[in-house]
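Geometric and topological summary
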Amino acid sequence: MTKNISLLGSTGSIGVQTLDVAEMHGIRVSALTANKSVKLIEEQARKFRPDMVAMLDREAALKLKIALSDTDISVYEGEAGIKAAAEYEKSDTVVNAIVGVAGLLPTLSAIKAGKNIALANKETLVAGGSIVTAAAKQYGVKIYPVDSEHSAIFQCLECSQGRFVKKLILTASGGSFFGKTRKELENVTVEQALKHPNWSMGKKITIDSATMMNKGLEVIEASWLFGVPDEKIDVLIHRQSIIHSMVQFDDNAVIAQLGTADMRIPIQYALTYPERLPSPASELDLAEIAELTFSKPDYDTFECLAICREALRKGGLYPAIANAANEAAVQLFLEGKTGFLQIGELVGKAVSDFKGSDSLTLDDIIQADKETRKKILV
Ligand code: NAD
Ligand code: MG
């Protein structure tokens with residue numbers, strides 16, 4: 001079980017819930033990082049007393065340094081500061097709760113420093129799956145999934161030690177616009193897109209849920225985590241978000257993992273594995289929920305899901321490009337500069353415009369990410 005963590009992205013939705021779990025189980029928090037939320041990270045630092053805190057934003061780091069000047073907590077800044085937190089000698093595990101591909105380099109730094117990874121940052125595996133999984137193998141560290149679907153699959157696979165897998169069944173809530181037609185989606189607002197039926201999450205992933213890009217990213221994430229190709233990963237709409245995912249085995253037995261829609265369950269399991277400890281999350285009451293429903297996803301309306309599957313099949317830099325285009329398009333949508341349906345169009349165009357490349361180094365990924373964003377954010 002994890003004893004000491006560096007928490008990257010501590011001020012976000014996953015970050016805050018990770019601190020709940022750490023507090024409940026007396027897990028030491030040695031390092032915290034965030035982009036620029038000075039007030040919240042100051043509160044967290046005063047409560048958890050880490051040795052170090054890092055802010056990506058320089059000005060925010062300066063403000064935090066002044067705010068924490070009465071403590072002996074060191075404050076660092078920029079990407080170098082986040083790297084230092086990822087490599088911090090006292091941590092045995094790095095929880096990566098950063099949003100976006102910005103989480104890729106810190107994940108690699110942590111792996112190279114011999115840390116186990118509790119991974120919420122799915123974009124890390126989408127953009128750099130081959131490099132990250134190879135590095136984890138080389139440095140002998142474990143990647144524990146925090147994403148609820150992947151935690152569910154990880155748990156389902158335990159009963160066969162990962163053998164005899166016929167297919168993975170990733171469940172999807174369908175997001176805020178389930179059942180809508182393209183016509184109905186033409187003029188939806190940011191506010192409507194941010195209303196997720198079951199989960200309270202950061203803005204980017206909530207928009208990704210509304211476009212179903214999130215499920216597309218998760219198909220790619222699952223493929224890397226569990227070594228399963230696209231055609232063996234089904235997506236199933238399950239509006240209640242109670243079954244977090246399932247595995248079908250060769251004998252057609254299906255094992256599922258259920259629980260309330262509370263991320264503290266998968267976060268905790270990633271930190272306490274293989275122990276199962278009391279949770280701050282509430283008990284599941286199936287009689288109260290009464291009904292669990294299932295249906296097939298609508299790949300035509302929610303084209304991002306189909307595009308991600310195509311990117312996964314093509315391999316190489318395609319997933320990194322789909323991810324970069326999506327990050328840029330979601331940014332434009334949140335800023336009111338583009339419509340909801342244009343997110344899928346921009347992701348689709350980036351993937352179809354790309355001509356492929358045999359090389360897949362870290363530099364290639366970073367370059368492809370930059371160029372794809374630049375074209376969309378002009
Ligand atoms: P969030 O926006 O709430 O929080 C993001 C955190 O990352 C914040 O602390 C922010 O300060 C920091 N950050 C932002 N940009 C950064 C950058 N460029 N460099 C370094 N730090 C940066 O996001 P979230 O909803 O907590 O999601 C975090 C990750 O977890 C995402 O990859 C998301 O897909 C995944 N995830 C989230 C949930 C959920 O319930 N929120 C569930 C499953 C997976
Ligand atoms: Mg998920």
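See the structure above.
As a convention, each chain's residues are numbered from 1 in the sequence order in which they are written. Whichever chain is written first is A, and whichever ligand is written first is 1; the rest continue in order. In keeping with the model being predicted, local features are shown solely for residues with a pLDDT of at least 70 and side-chain atom pairs are shown and tallied solely at 80 or more, while totals for entire chains, interfaces and linings include all residues. Excluded from the side-chain calculations are hydrogens and water; all other atoms, namely the structure's heavy atoms, are used.

1. Examining the site of ligand 1
To keep things clear, this is the line we draw: The rule for a residue being near a molecule or strand is that one of its heavy atoms must lie within 4 Å of it. Within 3.5 Å is the distance limit for a polar contact, defined as a pair of N or O atoms, with the added protein rule that one can donate a hydrogen and the other accept it, and that residues adjacent in sequence qualify only through two side-chain atoms. Only the protein chains shown count as cover for residues, with accessible areas throughout obtained via the Shrake-Rupley method and a probe of 1.4 Å. A run of DSSP states H or I qualifies as a helix once it reaches four residues; a run of E qualifies as a strand once it reaches two. Both are numbered from the N-terminal end. Residue classes follow a fixed rule: Ala, Val, Leu, Ile, Met, Phe, Trp, Tyr, Cys and Pro count as nonpolar, while Asp, Glu, Lys and Arg count as charged, and any other residue, Gly among them, counts as polar.
Surveying the vicinity of ligand 1 reveals 23 residues, the closest of which are T11, S13, N35, E123 and G202. In the environment of ligand 1, an oxygen atom lies 2.9 Å from a nitrogen or oxygen atom belonging to the backbone of I14. Here an oxygen atom of ligand 1 sits 2.7 Å away from a polar atom, N or O, in the side chain of E123. Isolated, ligand 1 exposes 830 Å² of accessible area, and the fraction of that covered by the protein chains is 87%. Those elements giving two or more residues to the shell around ligand 1 turn out to be α1 (13-25) and α6 (122-139). Among the residues forming the shell around ligand 1, the class breakdown is 12 nonpolar, eight polar and three charged.

2. Some details on the coordination of the magnesium ion (ligand 2)
For a metal bound by four donors in tetrahedral geometry, the ideal donor-metal-donor angle is 109.5 degrees, whereas six donors in octahedral geometry ideally sit at 90 or 180 degrees. Heads up, the condition is: Here a donor is any nitrogen, oxygen or sulfur atom (N, O, S) within 2.8 Å of the metal, with 3.2 Å used for Na, K and Ca; water is not among the atoms considered, so some sites may look incomplete. Only protein chains enter the area calculation, which uses a 1.4 Å probe; residues under 20% of their type maximum are buried, those over 50% are exposed, and those in between are partly exposed.
At the metal site, the magnesium ion (ligand 2) is ligated by D147 (OD), E149 (OE) and E218 (OE), and these contacts range over 2.1 to 2.2 Å. Read in sequence order, the donor residues coordinating the magnesium ion (ligand 2) give the pattern D-x1-E-x68-E. Of this pair, D147 sits in the loop between β7 (143-145) and α7 (148-157) while E218 sits in helix α11 (residues 213-226), placing them 71 residues apart in sequence. Judged on exposure class, the residue D147 and its partner E218 are both buried.

3. A word on the pattern of salt bridges
The cut-off we apply is this: For salt bridges, the criterion is a side-chain nitrogen of Lys or Arg within 4 Å of an Asp or Glu carboxyl oxygen.
This structure, assessed with the given rule, holds 27 salt bridges. Among the salt bridges present, the one from K215 reaches E149, with a minimum N-O distance of 2.8 Å. Here E149 lies in helix α7 and K215 lies in helix α11, a separation of 66 residues in the sequence. Two residues, E186 and K183, come together in a salt bridge whose shortest N-O distance is 3.2 Å. Owing to a relative accessible area of 61%, K183 belongs among the exposed residues under this scheme. Sharing partners across several salt bridges, the network here consists of K122, D147, E149, K215 and E218.

4. Description of helix α10 (residues 203-211)
The cut-off we apply is this: Any two residues whose heavy atoms approach within 4.5 Å are treated as being in contact.
Where burial is concerned, most of α10 is hidden: seven out of the nine residues are buried. The complete set of buried residues in α10 reads K204, T206, I207, D208, S209, A210 and T211. Where α10 is buried, its residues touch α6, α9 (190-193), α11, α14 (303-314), α15 (318-334) and α16 (340-353). Count one or two residues on from α10 and you reach M212, which has phi positive near 70°.

5. A closer look at the pairing of strand β3 (residues 52-55)
The cut-off we apply is this: Here a strand pair is declared whenever DSSP counts at least two bridges between the two strands. We call a crossover right-handed when, viewed with both strands directed away from the observer, the connection leading from the first strand over the helix to the second proceeds clockwise.
By the alternation rule, side chains of β3 split into M52 and A54 and V53 and M55, which are all buried. As paired strands, strand β2 (residues 28-34) and β3 are joined by four bridges and run parallel to one another. When the bridges of β3 are listed, T33 appears paired with A54. Between the parallel pair β2 and β3, the chain is carried across by helix α2 (residues 38-48), and the sense of this crossover is right-handed.

Limitation: the analysis is restricted to geometry and does not speak to function.
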